[in-house]
Amino acid sequence: MRPLFVILFVALLAVPALAQTTPPAKVAADGFRAVDADGDGKLSLEEVLAAGLKKSSLSRPFRVDEVDRDHDGKLTPEEFLKAGVAGLERYGVIDVRELDTDGDGYVSREELDAFFRKRHAEEFRRVDADGDGSLRPAEFALFRF
């Protein structure tokens, strides 16, 4: 009987902690409102790209050889993390040519911004379920910056 009492007591202690977590719907709604610059209840591609530009500023320009340690022309999440380049690891393996578009061995701020604009535009089109060129809150909940 005593072990059962201990289990129930521990479970009751956990209930307040569970109640304090923010529901995913609220997180998505807060994110939606932050991106909806004109407050019209839907997100245009321009609003999404503007928010994405803020996110892209978290990534710093870099020399390709600082990141591509094995010189295979593919940049992996592990290589980004080891080199201290944040914000790109979530895209999986990226071909160097997709980032270093001018082939000079350096990924500039402009090249990073162009990469993020392209990826965010693709993601926008993917989640725009009704194809109306804007995102409603339910569609935005599927969007990944």
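In this text, all values refer to a predicted model and were calculated from it rather than measured experimentally.

**Q** Help me understand the overall build of the protein chain in this model?
**A** For the protein chain, the count of helices and strands is 8 helices and 6 strands. Mapped from its N terminus to its C terminus, the protein chain presents α and β elements in the order α-α-β-α-β-α-β-α-β-α-β-α-β-α. Every one of the 145 residues in the protein chain was classed for burial, and the buried ones make up 33%. Partitioning the contacts of the protein chain with sequence separation of at least 6, the portion at a separation of at least 24 is 50%. Accessible surface, the protein chain as shown: approximately 9,200 Å² in total, 62% of it carbon and sulfur.

**Q** How should I be thinking about the pattern of salt bridges in this particular structure?
**A** Two side chains of opposite charge can pair, provided their charged atoms sit close to one another. Per the stated rule, a full pass over the model turns up 11 salt bridges. One salt bridge connects E66 with R60, and the closest N-O pair in it is separated by 3.8 Å. We classify E66 as partly exposed; its relative accessible area is 33%. For R60, a relative accessible area of 34% puts it in the partly exposed group. With a closest N to O distance of 3.5 Å, K118 and E98 form a salt bridge. Here E98 lies in helix α6 (residues 96-99) and K118 lies in helix α7 (residues 109-127), a separation of 20 residues in the sequence. Judged by its relative accessible area of 26%, E98 is partly exposed.

What counts, and at which threshold
Residues numbered from 1 in each chain as written. Predicted model: local features only at pLDDT ≥ 70, side-chain atom pairs only at ≥ 80, totals over all residues. Heavy atoms only, no water. Helix = DSSP H or I, 4+ residues; strand = E, 2+ residues; numbered from the N terminus. Buried < 20%, exposed > 50% of the residue type's maximum accessible area, 1.4 Å probe, protein only. Contact = heavy atoms within 4.5 Å. Areas by Shrake-Rupley, 256 points an atom, 1.4 Å probe, with all protein chains shown as cover. Salt bridge = Lys/Arg side-chain N within 4 Å of Asp/Glu carboxyl O.

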